[in-house]
Amino acid sequence: MSKVEEFEELRPLLFSVAYRILGSVTEAEDAVQETWLRFDGSATRPTSVKAYLSTTVTRISIDVLRSARVRREQYVGPWFPEPLLTDPYQDPARAAELADSVSMAALLLLERLSPLERSVFVLREVFGFGFDEVAAAVGRSEAACRQLLVRARRHMQAGRPRFEADREERKELATRFFDALREGDVVGLRELLAADVSMAGDGGGKAPQLARAVVGAENVARLLASVFPRMAQADVTFEPREINGQPGAVFRDRDDKVLHILALDVLDGQIRTIRSVINPDKLGHLGPVADAWALDREVRQTRRQTT
């Protein structure tokens, strides 16, 4: 195969590795593109193209993550990963690990790890790389990588989410949730929410968002039932979609521009966490982005007129 063909065959894997290390679609795409430039500019042919490209994208991602950490520490409000609608890499033998590791809950847990711990965990636990391959990718000895993995596992297992295994059950629950949301049905929403459910939004200071997390089934149900019917009056619509492998929806304005996404964590037949990403910088890869501030003003004006 030509260089281009070899690279394109491995692109899904490279993106999936980079996304799990970085938690950002745009940064992962940039890391993959930089990997191609280095591969294309290399005068020598690597013995293993997969090993070379995996090592390159991992090292680029580690460098990007180190600089991104500074920005995330200064981030306005909660920081959530950029939403991913479809993971391009599929491996039936590791389907469970791939699905679990791409959820927003898992990616937020990965944020607690150092860049090296995160990279070792992703390569070894998620993608099943051998310790020799992991060591080569992160530039550490195999013994050091084993220690990094032990620490990473400890952090991840302390708060690791466990989601419903039955996808159809999750889908049915999500359908009921969005039906109740569309109707502004407080009772219907409350029945689907765990007693300690929490809801938070990521606006990054660039879009309207919740001042703080809302906790409790009653509080969350009433907030949802009051806000979304008013948004519907402003012609906001939503399309149920999987967000990072979990039930969710993409919300759009009257011009079909992306307003925000909503992602649900489901456990034991109830919704445990609701996350909204409305920061326009994190939505551009989904299509043209709506003006959330303008829509917020319209909704408030409509509410005042109704009152």
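No experiment lies behind these values; they were computed from the predicted model shown.

1. What to know about the overall build of the chain
Looking only at helices and strands, the chain has twelve helices and six strands in total. By the compact-globule yardstick of 19 Å for 307 residues, the chain fits well, its C-alpha radius of gyration being 21 Å. Along the first, second and third principal axes, the C-alpha set of the chain runs to 70 × 35 × 35 Å. Per element, the accessible surface of the chain, about 14,600 Å² overall, is 49% carbon and sulfur. Of the side chains in the chain, 43 bear a positive and 46 a negative charge, and the two mean positions are spaced by 5 Å.

2. Describing the packing of aromatic side chains
Per the counting criterion, the structure on display carries nine aromatic pairs. For the ring pair Phe 7 and Trp 36, a centre distance of 5.2 Å and an interplane angle of 55° mean the geometry is tilted. Of the two residues, Phe 7 sits in helix 1 (residues 3-22) while Trp 36 sits in helix 2 (residues 25-41), which places them 29 residues apart along the sequence. The same class applies to Phe 7 and to Trp 36, which are both buried. Measuring from ring centre to ring centre gives 5.7 Å for Tyr 89 and Phe 127, while their planes differ by 50°; the resulting arrangement is tilted. Placement of Tyr 89 in the loop between helix 3 (49-73) and helix 4 (95-102) and of Phe 127 in the loop between helix 6 (115-126) and helix 7 (131-138) is noted, with a sequence separation of 38 residues between them. Site record: aromatic cluster; members linked through ring pairs are Phe 177, Phe 178, Phe 228, Phe 238 and Phe 251. A cation sits over an aromatic face here: Arg 275 above Phe 80, 5.9 Å from the ring centre.

3. Here's the deal with the pairing of strand 4 (residues 246-252)
In terms of burial, strand 4 is a largely internal element, seven of the seven residues being buried. Pairing analysis gives seven bridges linking strand 3 (residues 237-243) to strand 4, with the strands arranged antiparallel. In the sheet register, Phe 238 faces strand 4, and the bridge partner there is Phe 251. Here strand 3 folds back onto strand 4 in antiparallel fashion, the turn holding two residues, of which Asn 244 has a positive phi close to 50°. Sheet topology places strand 4 next to strand 5 (residues 258-267); five bridges connect them, and they run antiparallel. Directly across from Ala 249, in strand 5, lies its bridge partner Leu 262.

4. A closer look at the side chain of Asn 244
Mapped onto the secondary structure, Asn 244 falls in the loop between strand 3 and strand 4. Once you skip the residues sitting within four places of it in the chain, Asn 244 turns out to touch Tyr 19, Glu 82, Pro 83, Leu 84, Val 102, Ser 103, Met 104 and Leu 107.

5. Examining the packing of helix 2 against helix 3
A pair of packed helices can be characterised by two numbers: the angle between their axes and the separation between those axes. Two numbers describe how helix 2 lies on helix 3: the axes approach to 9 Å, and their chain directions differ by 135°. Regarding the angle of helix 2 to helix 3, the classification is oblique. The two elements helix 2 and helix 3 meet at a crossing, and its hand is right-handed. Each of Glu 27, Ala 31, Val 32, Glu 34, Thr 35, Arg 38 and Phe 39 in helix 2 lies in contact with helix 3, whose residues at this interface are Val 49, Tyr 52, Leu 53, Thr 56, Val 57, Ile 60, Ser 61, Val 64, Ala 68, Arg 71 and Arg 72.

6. Topic: the pattern of salt bridges
Oppositely charged side chains can form a pair if their charged atoms are brought close together. Per the counting criterion, the structure on display carries 24 salt bridges. Between Arg 45 and Glu 6 there is a salt bridge, with its nearest N and O atoms 2.6 Å apart. A residue pair is termed long-range when its members are at least 10 positions apart, and Arg 45 in the loop between helix 2 and helix 3 and Glu 6 in helix 1 qualify at 39 residues. Relative accessible area serves as the criterion here: at 15%, Glu 6 is assigned to the buried category. Through salt bridges with shared partners, a single network forms among Glu 27, Arg 71, Arg 72, Glu 111 and Arg 118.

7. A look at helix 9 (residues 167-183)
With 17 residues, helix 9 extends 24 Å from end C-alpha to end C-alpha; this agrees with the ideal 24 Å at 1.5 Å per step. Backbone geometry just downstream of helix 9 places Gly 184 in the positive-phi region, at approximately 65°.

8. With respect to the confidence of the model for the chain
Mean pLDDT over the chain works out to 94, with 98% of the residues at or above the 70 mark. Summarising per-element confidence for the chain, the mean pLDDT is lowest in helix 12 (residues 292-306) (86) and highest in helix 6 (98).

9. Let's talk about the packing of helix 1 against helix 6
Here helix 1 crosses helix 6 at 135°, and the two axes come no closer than 9 Å. Judged by the angle between their axes, helix 1 and helix 6 are oblique. The two elements helix 1 and helix 6 cross, and the hand of that crossing is right-handed. Judged by residue contacts, Val 17, Arg 20, Ile 21 and Leu 22 of helix 1 engage Arg 118, Ser 119, Val 122, Leu 123 and Val 126 from helix 6.

Calculation notes
Residues numbered from 1 in each chain as written. Predicted model: local features only at pLDDT ≥ 70, side-chain atom pairs only at ≥ 80, totals over all residues. Heavy atoms only, no water. Helix = DSSP H or I, 4+ residues; strand = E, 2+ residues; numbered from the N terminus. Rg over C-alpha atoms; globule rule 2.2 N^0.38 Å. Areas by Shrake-Rupley, 256 points an atom, 1.4 Å probe, with all protein chains shown as cover. Lys, Arg positive; Asp, Glu negative; His and termini not counted. Charge placed at Lys NZ, Arg CZ, Asp CG, Glu CD. Phe/Tyr/Trp six-rings, centres within 6.5 Å; stacked < 30°, edge-to-face > 60°. Buried < 20%, exposed > 50% of the residue type's maximum accessible area, 1.4 Å probe, protein only. Lys NZ or Arg CZ within 6 Å of the ring centre and 35° of its normal. Pairing = 2+ DSSP bridges. Contact = heavy atoms within 4.5 Å. Axes fitted to C-alpha atoms, helices over the stretch in contact; angles between N-to-C directions. Parallel < 35°, antiparallel > 145°, perpendicular 65-115°, else oblique. Left-handed = near helix turned anticlockwise from the far one by under 90°. Salt bridge = Lys/Arg side-chain N within 4 Å of Asp/Glu carboxyl O. Expected span 1.5 Å × (residues − 1). pLDDT = per-residue confidence, 0-100.

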